[in-house]
Structure formats: C-alpha cells, structure tokens
Amino acid sequence: MTSAFSIEDLSLSIGGALILEGITLDVNENETLGIIGPNGAGKTSLFNLLSGIRKPTRGKIRLGPTDITHMSVHRRAQLGIARTFQTSSIFTNLTLLENVRIAAQAASGKSMNFTRNAYKFEEIVAQSYELLDHVGLKTQALQRAGSLSHGDKRLLEIALVLASKAKIVLLDEPMAGMSVENVPALVEIIRTLATVHKKTVLIVEHHMEVILGLADRIAVLNYGELLVCDTPDAVIANPIVQSAYLGVNL
Ligand SMILES: Nc1ncnc2c1ncn2[C@@H]1O[C@H](COP(=O)(O)OP(=O)(O)O)[C@@H](O)[C@H]1O
Ligand SMILES: [Mg+2]
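Participant: Residues and numbers for the domain arrangement of the protein, please.
Facilitator: Examined at the domain level, the protein breaks down into domain 1 (1-80 + 167-250) and domain 2 (89-165). Relative placement of domain 1 and domain 2: their C-alpha centres are 27 Å apart. Between domain 1 and domain 2, the contact holds nine residues from the first and eight residues from the second. Taken together, the residues of the side of domain 1 that touches domain 2 break down into five nonpolar, four polar and no charged.

As structure tokens, this is what we get:
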C-alpha cells in the first residue's frame, strides 16, 4: 500500500489551550479515511492543519517525500490537497457550467486567454458538462449557481473538486444541513471519489451509517488525541472507543 501522506507527532495549541496532541497517522493512497469524535475533539482543527489554514505547534506533515508542514494553502492546493464545503468555493452569480469550467481551466495550468486556445476551451467545456452529468446536475448547467438548493450546491462542489484534479479530498461534515432524502445520493457521489476517480478521501461525519458505509478505516479523535485508527469493525469493537463514546450516539 502506498502512503498518500503522513502525519507525525502533530500538535496544535491555541492561546495556551492544547487542541491536538501528538497525532501520528499514515493515510494510504486511494483510501477513504473516516474521522469521528465528539464535538470539540479537534477534527476540523486537524483538517485546518492538513489544508494549511493553520500551522502546527509541533510535528510534521509529509506528502510523499515532501515536507509540507509550513507550506501555504495555495501551494498545498497546487500539490493536490482540496478542501470542500466552504460555500465560498462557489461563484453564486455564475452558472454551474462556468463554475466548473473555471476550476477545470485553473487545473489545466494553461493560459486564460481562450481566443488563443480555442480548441482547449471547447475541450474544457465538454469536460465540464461531463462532470456536471456525473453529479447529476447537467440539466441545470446554465442556471446560476446561487439558485441551487443546499444539497445541489454540495453536488456542485464535488464537481469542482473533480475539476480541480486534486488527489486528496478533505470533506468536513458533508451531510450537515442536508435533508434526509438527499443523503443517499451524496453518499454515492462521495463513494465515486475513491472508486471511480481514485482520490484519497478524508471525511469527518457525525452520521455513523455514512462513515461505516464509506470508510476503509476510521480514526477516532477524543480531546485532541487519536484514540485508534483501524477498520470499521475493529473500531466499533474497541473498548476504549466504546468508553470514550459512552453517552454519545455511536
Ligand atoms: N480559533 C480557535 N481558538 C481557540 N480555540 C479553538 C479555535 N478553534 C477551535 N478551538 C477549540 O479547539 C477544540 C477543537 O475544535 P474543532 O477542531 O472545531 O473540533 P471538532 O471539529 O472535532 O468539533 C475545541 O475545544 C474548540 O473550542
Ligand atoms: Mg468540526
């Protein structure tokens, strides 16, 4: 199994409070890693360190042989780490097609001068339609993104991640705010990130049935510490996890 990236003794303190303590974890290429833990356990903080929004107090993050611990968000994104479900990633005044096309264009690393590169432009528009089709939004391609429902915005964000060609996708509570009937469709699209598109996926989610249905392994955070990282079956059977979750709906 190839390692996608590794976290070594990662700690974060903010204003004297210890938020994460000594997290060590290898994430395999193309795996879906679920991250669970009670509110305030440090899940979002861990994503902030991985995407570069925050820098750790101690420890290292390596992407293959490259130490990315002190790299900017922008540089990490160039190296293939994408974080979704920040609504700011969608341009609400542009159409769905334009949103995806801009992400695809940026990822192609080519000039934004379309008149000089007409063939490339056609190709990118075709790809963008394909991606919208993949997430079930093709018929709405020419609508303004701002007119989409909450659930459809999430699907559009998945299309944007795919257009960005990121290798590692961080999903922080993708089901939050979704109505129950829309959850299965989003789960299936998220599943394709690993199965069809060969991404490495890290997903924080409170819905245990979603995590159990998607994750190859589950990491359990509690008060900033990594309790265990193992297969779903082993995690559920783990007595330390069970005791940490007493009173919490696992
Ligand atoms: N900017 C911040 N300043 C101070 N404390 C913070 C900050 N961000 C998060 N925390 C604290 O860090 C802990 C972990 O938060 P977070 O990573 O958001 O947890 P989770 O995503 O698991 O619910 C919480 O106790 C939270 O109050
Ligand atoms: Mg959180």
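Participant: Give me the lowdown on the site of ligand 1, citing residues and values where you can.
Facilitator: As a matter of local geometry, ligand 1 sits amid Ile14, Gly15, Ala17, Ile19, Gly37, Asn39, Gly40, Ala41, Gly42, Lys43, Thr44 and Ser45. Secondary-structure elements contributing two or more residues to the shell around ligand 1 are β2 (17-28) and α1 (43-51). For the shell around ligand 1, the element with the highest residue contribution is α1, accounting for three residues. Across the shell around ligand 1, the residue classes break down as four nonpolar, seven polar and one charged.

Participant: Explain the sheet that holds strand β7 (residues 168-172) to me, using residue names and the numbers behind them.
Facilitator: Hydrogen bonds along the backbone pair up the strands of a sheet, which may run parallel or antiparallel. Spatial strand order, β6-β7-β8-β3-β9-β10: six strands in an open sheet with mixed pairing. At either end of the open sheet lies a strand with only one pairing partner, and these are β6 (81-83) and β10 (225-230). Strand after strand, the sheet turns through a mean of 20 degrees between neighbouring axes, direction not considered. Sheet topology note: the β7/strand β8 (residues 200-204) ladder contains five bridges and is parallel. Residue pairing in the sheet places Ile168 in a bridge with Thr200 of β8.

Cut-offs and rules
- Residues numbered from 1 in each chain as written.
- Chains lettered and ligands numbered in written order.
- Predicted model: local features only at pLDDT ≥ 70, side-chain atom pairs only at ≥ 80, totals over all residues.
- Domains from an automatic or database assignment.
- Contact = placed C-beta atoms within 7 Å.
- Nonpolar A, V, L, I, M, F, W, Y, C, P; charged D, E, K, R; others polar.
- Near = placed C-beta within 6 Å.
- Helix = DSSP H or I, 4+ residues; strand = E, 2+ residues; numbered from the N terminus.
- Pairing = 2+ DSSP bridges.
- Axes fitted to C-alpha atoms, helices over the stretch in contact; angles between N-to-C directions.

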